[in-house]
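Now for the letters of each chain:
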Amino acid sequence: MGGVRILIVQPSKSDPPGPLGEWLAVAGAEVDVVLPAEQSLPADFSEHQGLVVLGGEMGVYDDPTHPWLAEVRALLSKAVSERVPTLAVCLGAQLLAAATGGQVRPARNGPEAGTLLIAKRDVAAEDPLFGPVPLTPDVLQSHSDEVAVLPPSAQLLASSPKCDNQLFRVGDCAYGMQFHIETTTDLVLEWAELSPEIAAAIRPGQLERAHLDAFHVDMAETWRPVAERFVRFVGTPPEDRKASRFLPLA
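Residues numbered from 1 in each chain as written. Predicted model: local features only at pLDDT ≥ 70, side-chain atom pairs only at ≥ 80, totals over all residues. Heavy atoms only, no water.

(A) Quick look at the packing of helix H1 (residues 18-26) against helix H6 (residues 209-234). Axis separation between H1 and H6 bottoms out at 8 Å; the angle between their running directions is 50°. With respect to H6, the element H1 is oriented oblique. Here H1 runs over H6; the crossing is right-handed. From H1, Leu 20, Trp 23, Leu 24 and Val 26 reach across to H6, where they touch Ala 220, Trp 223, Arg 224, Ala 227, Phe 230 and Val 231. Classifying every residue of the contact of H1 with H6 gives nine nonpolar, no polar and one charged. (Axes fitted to C-alpha atoms, helices over the stretch in contact; angles between N-to-C directions. Helix = DSSP H or I, 4+ residues; strand = E, 2+ residues; numbered from the N terminus. Parallel < 35°, antiparallel > 145°, perpendicular 65-115°, else oblique. Left-handed = near helix turned anticlockwise from the far one by under 90°. Contact = heavy atoms within 4.5 Å. Nonpolar A, V, L, I, M, F, W, Y, C, P; charged D, E, K, R; others polar.)

(B) Main features of the pairing of strand S4 (residues 86-89). Of the two faces of S4, the one holding Thr 86 and Ala 88 and the one holding Leu 87 and Val 89 are both buried throughout. Inspection of the sheet shows strand S3 (residues 50-53) paired to S4 by three bridges, in the parallel sense. In the strand pairing of S4, Leu 51 is matched with Thr 86. In this view, the connection linking S3 to its parallel neighbour S4 by way of helix H2 (residues 69-81) has right-handed handedness. For S4 and strand S12 (residues 174-177), the ladder comprises four bridges, and the chain directions are parallel. Looking at the pairing, Thr 86 lines up with Ala 174 of S12. (Buried < 20%, exposed > 50% of the residue type's maximum accessible area, 1.4 Å probe, protein only. Pairing = 2+ DSSP bridges. Right-handed = clockwise from strand over helix to strand, strands pointing away.)

(C) Just the nonpolar core, in detail. Membership of the largest hydrophobic core comes to 40 residues, with the highest contact counts inside it found for Ile 6, Leu 24, Val 52, Phe 130 and Trp 223. For this core, the secondary structure elements donating two or more residues are strand S1 (5-9), H1, S4, strand S8 (138-143), strand S10 (154-159), S12, helix H4 (185-194) and H6. When residues in this core are grouped by element, the largest group, ten residues, is from H6. Excluding anything up to four places from it in sequence, Phe 130 contacts Lys 120, Ala 124, Leu 157, Leu 167, Tyr 175, Met 177, Trp 223 and Val 226. Judged by nonpolar contacts, the second largest core, of 30 residues, contains Leu 51, Ala 97, Ala 98 and Phe 168. (Core = buried A, V, L, I, M, F, W, Y, C linked by side-chain atoms within 4.5 Å.)

(D) View of helix H3 (residues 91-99). Counting buried positions over the nine residues of H3 gives eight, a clear majority of the element. Here H3 has its buried residues at Leu 91, Gly 92, Ala 93, Gln 94, Leu 95, Leu 96, Ala 97 and Ala 98. Positive phi appears at Gly 101, one or two residues downstream of H3, with a value of about 105°.

(E) Structural detail: the state of the cysteines. For the structure shown, the criterion picks out zero disulfides. Its sulfur unpaired, Cys 90 is 9.4 Å from the next cysteine sulfur, which belongs to Cys 163. (Disulfide = S-S within 2.5 Å.)

(F) Summary view of the pattern of salt bridges. Evaluation of the coordinates by the stated rule reveals twelve salt bridges. With a closest N to O distance of 3.9 Å, Arg 5 and Glu 30 form a salt bridge. Here Arg 5 is found in strand S1, whereas its partner Glu 30 is found in strand S2 (residues 30-34), with 25 residues between them in sequence. Since its relative accessible area comes to 25%, Arg 5 is described here as partly exposed. Between Glu 82 and Lys 78 there is a salt bridge; the shortest N-O distance is 3.0 Å. A residue is classified by how much of its surface remains accessible, and Glu 82, at 41% relative accessible area, is partly exposed. Each of the salt bridges in this network shares a partner with another, and the network as a whole consists of Arg 5, Glu 30, Asp 32 and Glu 47. (Salt bridge = Lys/Arg side-chain N within 4 Å of Asp/Glu carboxyl O.)

(G) Broad picture of the sheet that holds S12. Strand order in this open sheet of eight strands is S2-S1-S3-S4-S12-S11-S10-S7, and the pairing throughout is mixed. Where the open sheet ends on each side, the last strands, each with one partner, are S2 and strand S7 (119-120). Bridging between S7 and S10 involves two bridges; their strand directions are antiparallel. Pairing of Lys 120 across the sheet is with Ala 158, part of S10. Strand contacts of H3: S3, S4, strand S11 (167-170) and S12, with the helix running at about 115° to S4, the strand carrying the most contacts.

Shown next, in the form of structure tokens:
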């Protein structure tokens, strides 16, 4: 779809856009990646129609050591108020929640990590992005904090046994995903070395390369179509974004 330009905010060098960025580009989006620790964020969305905020090792409220976090929260708040389609991943989802009235805390059940499943809520069946996703899709988990309280305007779309607020929508077009869909085998193994306290929660065998390779093939089958639908969603005028799983064809 021509004319769709998406801003990707990458909080950490350890969590690049990876396959997600590739899926968005192949689906027809022009993608601009900004590292807020090194580059200034745009003041508005005059040049972008969509927003993606990725994960990182820092916490949502670590402003003293990462002062740019406040700018990311402000950008997410602006995206919600201006109805800019948004995908916020892991830390990004927590920042989205914090920016719109939710609360983020250390995970009450401890870190959640590994190749796991989430379960969709019934209400997700008619969501324009996630309606067609299987009831229990594969995701990659790697977090020690969680969204403890959803924003007042949020709709919960999926949960897991260890973390209730896995997938949620704020307003009608900003999505928070506590899990990851942008990883590769090498990246997961790198994270395990960088964060051994989180990796300790991973089940035996899930860090085997063969397992991770097969998992990422399965994950792509589910989540690449979501990225493609997101590009179509970004390119659809706000008045035509129905609360339905059916979107205009590209």
